[in-house]
Structure formats: structure tokens, C-alpha cells
Amino acid sequence: MSVRSLCRFAAAVVAWYSLWAVPRAAAAPLDPPAASPAPRISGLEFRGRAILAKGLPFSGTVVGGLSGLAYDAGSRTFWAMCDDRGDHPERGPVRLYRLRPDFSDGRLDDGDLVPVEVLPITGPLDRPYSPKAIDPEGIALVGGGFLLSSEGIAPQGVPPFIARFGPDGRFREELALPEELRPVAGGETHGVRLNLALESLALSPDARYLFTATENALVQDGPAADVGQQSPSRILRFDRTAGDRVAEFVYLVDAVAGKPASADAYRVRGLVDLLPLDGEHLLALEREFVVGVGNAVRLYEISLAGATDVSGLASLAGASFVPVDKRLLVDFADLGVHVENFEGIAFGPELPDGRGSLLVVSDDNFNPAQETTSFLLFAVDREPATIARVQGAAHRSPFEGWWLAGVDGVVTAVDGAGRDPGFFFESTTPDDDPATSEGVFVSWPAATRLAPGQAVSVNGRVEEIAQGKGLPVTRLRAGAVAPASGATLLPPPLRLGEMHRIPSRIDGDGLTRFAPADDAIDFWESLEGMRVELAGGDVVGPSSSFGELVLRPDGAAATRRTPVGGVRLGEDGPDLQRVLLVRRFVSELPAVDVGDRITGGASPIVGVVDYSFSNYKLLPLAPVVAELRGRSCGEVSTLRSDSRHLTVATFNVENLSAAGDPQRFVRIGDAIARRMGSPALVAVEEIQDDSGPTKGDGVVTSSATLGKVVDGVVAAGGPRYQAIWIDPALDREGGQPGGNIRVALLVDPARAELVRRGPEGGMPGPLASSEVVGRGRKLALSLSPGRVAPTSPAFDLREGEGVRRSLVVELRALGRPLFVVVNHWSSKYDDDRPFGAVQPPRTPTSSKREAQAREIRGFVERLLGADPAARVVVLGDLNDFEHAPAVRALAAPPLENLLLRVPEADRYSFNFEGASQLLDHVVVSPELRRGAEVDLVHLDADCADAKRVSDHDPVVVRLRLR
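Residues numbered from 1 in each chain as written. Predicted model: local features only at pLDDT ≥ 70, side-chain atom pairs only at ≥ 80, totals over all residues. Heavy atoms only, no water.

Chemist: Run through the overall build of the chain, naming residues and quoting values.
Modeler: The secondary structure content of the chain amounts to 8 helices and 53 strands. Computed over the C-alpha atoms, the radius of gyration of the chain is 37 Å, more than 25% above the 30 Å expected from 2.2 N^0.38 for a compact globule of 962 residues. For the C-alpha atoms alone, the extent of the chain along its principal axes is close to 125 × 60 × 55 Å. With an accessible surface of roughly 35,900 Å², the chain has 53% of that area assigned to carbon and sulfur atoms. (Helix = DSSP H or I, 4+ residues; strand = E, 2+ residues; numbered from the N terminus. Rg over C-alpha atoms; globule rule 2.2 N^0.38 Å. Areas by Shrake-Rupley, 256 points an atom, 1.4 Å probe, with all protein chains shown as cover.)

Chemist: Residues and numbers for the nonpolar core, please.
Modeler: Grouped together as the largest cluster of nonpolar side chains are 35 residues, with contacts concentrated most on Leu681, Leu745, Val873 and Leu959. Ranked by residues supplied to this core, first place goes to strand 45 (residues 804-813) with 4 residues. What valine 873 contacts, discounting residues up to four positions off in sequence, is Val648, Leu818, Phe819, Val820, Val821, Val922, Val923, Val924, Leu928 and Leu959. Within the second largest apolar cluster, 30 residues are counted, among which are Val473, Phe523, Leu527 and Leu618. (Core = buried A, V, L, I, M, F, W, Y, C linked by side-chain atoms within 4.5 Å. Buried < 20%, exposed > 50% of the residue type's maximum accessible area, 1.4 Å probe, protein only. Contact = heavy atoms within 4.5 Å.)

Chemist: Give me helix 5 (residues 703-715): which residues, what numbers.
Modeler: For helix 5, with 13 residues, the first-to-last C-alpha span of 18 Å sits near the 18 Å given by 1.5 Å per residue. Turning to helix 5, its buried residues are Thr705, Leu706, Val709, Val710, Gly712 and Val713. Considered in projection along helix 5, the buried side chains sweep an arc of 160 degrees and stay on one side of the axis. In the core, the buried residues of helix 5 are packed alongside strand 37 (645-656), helix 4 (662-675), strand 38 (681-687), strand 39 (722-725) and strand 40 (742-747). Directly beyond the C-terminal end of helix 5, a positive phi value near 95 degrees is found at glycine 717. (Expected span 1.5 Å × (residues − 1). Arc of directions from axis to C-beta.)

Chemist: Can you explain the pairing of strand 4 (residues 66-72)? Please cite residues and give values.
Modeler: Regular strands place side chains that alternate from one sheet face to the opposite one. Within strand 4, 6 of the 7 residues are buried, leaving the element largely enclosed by the surrounding structure. Sheet analysis places strand 4 next to strand 5 (residues 77-82), joined by 6 bridges and oriented antiparallel. Residue pairing in the sheet places glycine 68 in a bridge with methionine 81 of strand 5. Two successive antiparallel strands, strand 4 and strand 5, enclose a turn made up of 4 residues, where arginine 76 displays a positive phi of approximately 55 degrees. (Pairing = 2+ DSSP bridges.)

Chemist: Tell me what's going on with empty space enclosed by the protein, and back it up with residues and numbers.
Modeler: Take a probe with the size of a water molecule and roll it over the atoms, and the empty space left behind shows itself. A full pass over the atoms with the stated rule returns 7 cavities of 30 Å³ or more. Taken as a whole, the largest cavity holds about 70 Å³ of empty space. Around the largest cavity, the lining residues are Val540, Arg552, Val567, Arg568, Leu569, Pro574, Asp575, Gln577, Arg578, Glu913, Gly914 and Ala915. Here the residues of the lining of the largest cavity are counted per class, giving 5 nonpolar, 2 polar and 5 charged. Considered as a void within the structure, the second largest cavity measures approximately 40 Å³ in volume. Residue lining of the second largest cavity: Arg756, Arg757, Gly758, Pro759, Gly762, Pro764, Leu783, Ser784 and Pro785, and that is the complete set. When the residues that make up the lining of the second largest cavity are grouped by side-chain class, the tally is 4 nonpolar, 3 polar and 2 charged. (1 Å grid on protein atoms, 1.4 Å probe; cavity = no way out; pocket = protein on both sides within 12 Å on 5 of 7 lines; lining within 4 Å. Points joined across faces, edges and corners; volume = space filled by probe spheres on them. Nonpolar A, V, L, I, M, F, W, Y, C, P; charged D, E, K, R; others polar.)

Chemist: Would you mind going over unusual backbone geometry in detail, with residue names and values included?
Modeler: Proline 785 follows serine 784 through a cis peptide bond whose omega is 0 degrees. Positionally, proline 785 belongs in the loop between strand 43 (780-781) and strand 44 (786-787). The residue leucine 511 is not glycine, and still its phi comes out positive at about 60 degrees. With a relative accessible area of 27%, leucine 511 lands in the partly exposed category. Phi is positive for alanine 789, close to 45 degrees, though the residue is something other than glycine. According to the relative accessible area criterion, alanine 789 is buried, its value standing at 18%.

Chemist: Give me the sheet that holds strand 15 (residues 245-253): which residues, what numbers.
Modeler: Within the open sheet, the 4 strands sit side by side as 12-13-14-15. Their pairing is antiparallel. Every other strand in the sheet has two partners, leaving strand 12 (202-203) and strand 15 as the edge strands with one partner each. As defined by bridge partners, strand 12 adjoins strand 13 (residues 209-213) across 2 bridges and the pair is classed as antiparallel. In the sheet register, alanine 202 faces strand 13, and the bridge partner there is phenylalanine 211.

Chemist: Describe the packing of aromatic side chains, listing the residues and the values that go with them.
Modeler: Using the criterion set out here, one finds 21 aromatic pairs in the structure. When the ring of phenylalanine 165 is compared with that of phenylalanine 171, the centres are 5.9 Å apart and the planes differ by 80 degrees; the resulting orientation is edge-to-face. Note on phenylalanine 165: relative accessible area 1%, which makes it buried. The exposure class assigned to phenylalanine 171 is partly exposed, which follows from its relative accessible area of 22%. (Phe/Tyr/Trp six-rings, centres within 6.5 Å; stacked < 30°, edge-to-face > 60°.)

Chemist: I'd love a proper account of the state of the cysteines, names of residues and values included.
Modeler: With the rule as written, the count across this model stands at 1 disulfide. Linked covalently through their sulfurs, cysteine 633 and cysteine 943 form a disulfide whose S-S length is 2.1 Å. Between cysteine 633 and cysteine 943, the S-S dihedral sits near -135 degrees, and the bridge is therefore left-handed. Here the residue cysteine 633 occupies a position in the loop between strand 36 (625-627) and strand 37, and cysteine 943 occupies one in the loop between strand 52 (933-936) and strand 53 (955-960), the gap between them amounting to 310 residues. Grouping residues by exposure puts cysteine 633 and cysteine 943 together as buried. (Disulfide = S-S within 2.5 Å.)

Chemist: Got a sec to walk through the packing of helix 4 against helix 5? Specific residues and values, please.
Modeler: Two numbers describe how helix 4 lies on helix 5: the axes approach to 7 Å, and their chain directions differ by 55 degrees. Viewed along their axes, helix 4 and helix 5 adopt a mutual orientation that is oblique. The interaxial crossing formed by helix 4 with helix 5 has right-handed handedness. Contacts between helix 4 and helix 5 involve Phe665, Gly669, Asp670, Ile672 and Ala673 on the former and, on the latter, Thr705, Lys708, Val709, Gly712 and Val713. Per-class residue counts for the contact of helix 4 with helix 5 are 5 nonpolar, 3 polar and 2 charged. (Axes fitted to C-alpha atoms, helices over the stretch in contact; angles between N-to-C directions. Parallel < 35°, antiparallel > 145°, perpendicular 65-115°, else oblique. Left-handed = near helix turned anticlockwise from the far one by under 90°.)

Okay, here's the thing in C-alpha cells:
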């Protein structure tokens, strides 16, 4: 069979087993599962590393070249095979080392493995081996002595061998090896390849079977492993009870993954050791080395069950066979240590906690400049790995960082898109602990091969992934995913409601006790990755452009409702009887407003519980149905200015820039002119610079942005406002990076006039401070427009999201002096999240707003101290609630927050995660309190993103000036 034909055949074989392999393999359909029992190892935890000193002298030898390991339970020591051929007398003869371990603390550190004996090995006739006769690699303990393997020296025609030696190291006998392994001197025409022969040797636990394997293909079987080229090595199983009868199975060595710097750069990949779990199941250590790249090592679990016995085939060329089942268990690149030339593995003594141990050793090749003699210790868990054990009764998995094998379940949802493709799967045999979730997400690049309803078995590493201030999310990063036999019927999804009611508090113990029945944060964690269902609910958070909406489930207890069906935020925090629905497994969620209704149609809504951006969410598995009630998004203010009254408004226009969508200016113009009734004064927040969120372009002015706002109002039939603002210092005020947001005031010249004070011409600088001057009728500002306390630490950008400095303007309106302070205080961005990783959440931004409130309040008090009858309006997005300390401090008597006149049910201007809340305020001096009217115009907070002008509702007040 030609090499080209062999390559085609190998590719077909790979298609059979590639689902078991590393996901980098080419995609292939799922085949029926091979019949095999559960893995004999369920988990491995890395427990440390020890390094022997380079060139370590011991008993007249140099310790190095350790290629094989075997554990002697009687003496509680390890034997290590040195692969020295004896051709360097200064290093020592062909030899073994006995090593004494100290795992008393359950870890491995430098000094915990020390050589205590060296044993020379002699050949037939009790003579030392000639360097041209042996290349020792593998070791197994048997009958008080040793079995050793030699790779042979193929170019000289020296065959590989396995021989038995006594406890004194003397040769006893040699096992008969199949003829197909024998090389032909002078060229690669038959048999093993140089340094790619019998690297491994190990006995099964019951000593019935002896295993070895060629590191790569025999010459007549196919090519050696290379870039883009797998290699079919042979695993040999000797049956000791049947007179050493040999069975052979094909193990496909992966292609070289590292990229060589040149076509002739040395590279190798091979099967370097085996460790039997029983007569059919083994661990396989596969090592790669590429010059200029280094080593890569992976540990696989393999099964011979169902594999073809090819012992009767002198050549695999043209033959039909099924290779061994091979599933990745550990990629040593994930260990966090330098990957050496690891070549030997052996089980060791029991650790103090009752778990087994697995020791791995590296061969330094007596090349101290390149390699070290390193040992790695793993703790071995043999209790079956289940999803419930992976999740545990906590926010972090008890198996975090472990490699688990044979985690079984049924696929419930597949996400093949995005940067982190994978799937959710759930156990068919849940435990009896309601605190442990039965579902988990598996990160796997080849997830699109799967479909909901398939039973699979996963090998993977347990990870905890956290975003920002959020809790960690438990997941498996799969190394192998294979079909599994057994039941595929899942238990019914848990129904939220009477049996599984969301607790009324987030957390009561600082995350020190896991209490799903008491704490909502633990309740949702106990369902992470599982399917739940609910009959339906009212929309309390409208559809967002991110594909999210918030439901209040049917049957939830009564609480503070808004007139359209939302839920108001109270002083005691958000109402927790709500579920965030997120589009992930359905193409779209319906565009709905607060007050609409969502159901699953004829069936309940069924989805998977997930956590992202500091919140638990439900990912529907099927489209949901919307019942549109048309209750919101149509309000128009009735307040108007007249000869005695002036209308004043505040409106956060949400990151508005001339560089953005032109239609936004059309809609904002309509909102101001028609729906807000063209107020005489409009304070606007989140005006960006003219280039928008473009960092590093040096643009800071907003003249074009505000010009488009003015033009949009005129086009909608409103007045041509005069825009008043002060540009901030470049990149020194908070908001969207590069956006340089600031506040501004739109003034209708027909009803109010700016009293300009300060230097003629030009715009005041960003730190231009306005002070109170004069008294009584001569009360004035030193600078108009100006800023209030711009150099105060309260408005200093030191850390976090930053601040927006307040604008103060002196006006004459209806013949009366009027002072207006426009604000946009620090947001809550830098606070901990309600369902975040810190409980109780810290709120560092509260102190920032309180400091800003003190500065603004002090400025107003100076105005009133100079003239108790001064007409002062303080308004804007204060980023805090009416009951918050900062807002209360600002609006304390004799000032008044006019928003408190709004009926409580209707008192909101913003909706965050289903909580209707008030962030926008208008505070007035005593002279303006009499006869004041206020209107919260709900044109955004209750509305789906597609209908919104901004994310805030505007506030319009009518003030009596005469």
C-alpha cells in the first residue's frame, strides 16, 4: 500500500475516533458509542512539582535520563529507569534508581523525592551491556524483580527487546517479540524506527497483562508523526496466563501540533508511556518536541474494547482495522509549569486524604542546558464524576482546576456561535441534594456536532470563569466529548413558583453560608446550568437591544407596581420576584414594553439558567409569545409656559454625538418639541464631543452635536434654542471612553436670556469657577456660564468611571433673574452589583455623590444667603434615588425636590433590570416652590429599545416666576 493510500486510510480512521480527541481535530459526525464501562479514574488534581538538581551526583553516577517509573508498594518507593546506554562511563552503567517519596502533606515540592539506591543492570552471561546492544526505556516490577524494555538501535539492525531481571539487576530471560518489530540494518525498510520503538512498559493491576507500545508506526505500517500527519503505533498486550500470547492494537499518535521554524527543523511526537487501569483500559502519555517551540505533553485515557487485534498483520498497509478509543484527559500546557520532556508515569502511594497518587517524570536527556529532571504529582479520584459533584453546594466548584473523566449527561442546548462555543448538559440521574445543580456548561469548539437530546460523556477541566465584579461560573472545558450509552430522558424542568420560590433577600450572610432556601443569590446558583420553567409573566423590564427583557412571574407576591405594570424600586432594594430572559438559543425575543405579557404559548417557558454580567438569567430554549397591551410609550406633557410661568426640563439623551445615527436627532427633536411641549429651558446630559467615542483623536468640542439637537427641534416645530455649555478637558470627565460627555442648557431666546458674565468672546475653560457676587437685587454670578467648584475633590477624576462637572448659568426669564445649575453626578458604575461577588455590595460611588451634593448645596446656600428670594433651579441626572443621602442632602429644606410631588406609583424615570426608579430630579429654591407643577414624561423607561429616544424619561416642571 502506498504512503498516499495509507494517508487516505488513516484519515478515514481518524473520522471514526475524532470526536473522542482534542477538539482541534476535523469535525466529524457522532458515531454510535463503543461499549465500555465507566472510566477507572474520574478525576486528577495537580498537587505540585519537584525538580532534581542538574547533574545530581549519587553513588558514583549522575542522576538523569529517567524515562520510566514503577512503584514498589512493599518498600513505598519508586523505581526509575535511566535510559543511559552505558556509553558514558563517567555518568555510570546501565542502571535503575530507587527514589523515596515524601507525600505526607499531600503535595510534591523540591526535596520530596530523593534517590536512595542505584542498581546496575547486567546482560546475559552476567556481563555489562554493550552501548550498541541496549537503549533502555521502560520498567515494570514483577516477581521481586524487574521487566525492562529496550528500543533497540534500528540503523544497526539491533532489535528492541523486553527482558526480565532479578532483584539484583541480573539478566534472567528475554520475552519473545513479534517478528514485525525487528529492524533491518542499513535502512528503514522494516520494523521499529530509531528512538521510536518500545518506550513504554507496564503491568496491569492484577499482573495478568504486560503492555508495551511502539512510540510511532513501524516502517511497514506507515509514516512517523509529523506536521499534519498522524502515525499508527502498535500497543502490544502480553497475556501472562496464556503463555505470553500477544495481542496488538493500533493507537493513532496525533500529528505534530507545534509549527517548526523551518522544513528541516527537528520534530517528534510519540506514545512514550502506558499505565494500565485494567486489562482493557489504560492511560497513555503522548509527548511532542519541536526545535524552537519546545515540548507538548498530553495524557489520554484509552480503551481497547472494540479495537481490532492486528497481531496477525505484518503490515497495516491496506488493512482494515478499528483503532483504540482515545480521549484527552490532561493537557500539560494547563498545569502552569514549564512543560518538560515528560516520559514516565506510575501510580504511587495513597495520599493523606485517601486519594491515590499519580507521578510523572521527565527525561532530561543529560542535556542540562535544555531539560531538567522534573516530577509532577497528581491526586487521583475514583468516585464517579457527576454534574452535581462538579457544581457542588457552593458558588465555586470543589473540583476547580481538576481534570475530570466520564462526566455524563444529556445535551440540553447548543451554542456554536461566538467566542466561546459550547453546550449545556444535564444529568439523567440527579442526586437528592437540592443545593447542587444538575446542569453545567461545557466549553467545546466542536459543539455544533451535537444536538439537544444526545447523551454524551465529557472529559474536561473544571473552571470558574468570572467577569468583572461578577460571581464565578462553573464550567467544563472539554478535552474530549464522546457519545454515551444509557438513558437520554431528562427529569422534567424545575418549575419556578410554589415549589421553587425565589427568596425575598439576595444574601444574608456575606456568602459565608450556602442557603438556597433563604438567599436568592444561592437559590439561583443551585439552578445554574439547569432547565427551569415558568408559565409566563408580566414584562417589568422592556426589551433591550442586547436581546433581554425582564419578567415578573405569574403568582409572584404583590409589591409596588407602577400604573402600567412595572415594579418600583423601594428603599429596601429591588424586588427579587423577577426573571431576566435572554436571547441566546432563540433567534429573537419579542419587542415588548413594560406591562406587556410573555408566555410560552401552549406550553410553559422552558430555559436554562445562566449567569453573566453579574446577573442570573434564563435562556429560553424555544420562542416565547408576547401579548402586547399597548399601555406605555405614548405620553405627552401638558405643561406649557405662559406670561407668568416658565417650563423647565431635564433630559439625559444617552451618549449623543454628531458622529452617531442622524435619526436620533430627528427623534430627540420631536421629543423636545412635541412630547415635552418645547420647554423654555432644557438641561441635557450625556452630550458627547463631535467625533463620539473615538479615543485619541483630540476632539473635545460639541458644537456640531448641539447644533444638530437644535436643528432637530426646529424641524419638529419647536423653537431655535441657544445652546450653552463648557467643553471639558480632553479625556478628563467620565462616561464612554473618548466621548468626553458634558451637560448643556438649551435656552429659548423668546422666553429667557443668558446673562453672560466674564471675559468677552470665547468659551470659559473647563476649570472656570463661577462664584456668588453681590447681594439682594445685585445678586449675580462672577462667571456665566461657569462651573460649580470644578477643582473640588468632589469633581476630580481620580479613579473609576469619573465625574461630569456641573454647569451654572445666570438668566433673565419673564423679566426675573434665574439661576440654573445643570448636573450629571457620578454613576453607580463602580459599585458592586446586587448579585455580584461581594456581599453585601459595596457602594463607593455613594460618597462621591454625597460630596457633589455638598458642593452644589453649598453653592445654592451662598446664593440664598445673598438673597433669600433668589430663584434657583438645580436639576439633572443625579444618578441616585429620591431617598438616597445625596439627593436628600441637596433637597433638604428650604429647598424642595419637586419630584416628590409625583404620586409614588408613577415616580420613576429609568428602568434597570426590571426596577423602575427615579434618577432625574428638579430641586428648587423657596421662591419657586409655590404653584410649581411637575410632569414625568414616560416616553423611554417603559419602552423597548426600538421605540426609545434615550434610556431616561425627561422631567418637565412649570415654575411660577410672576
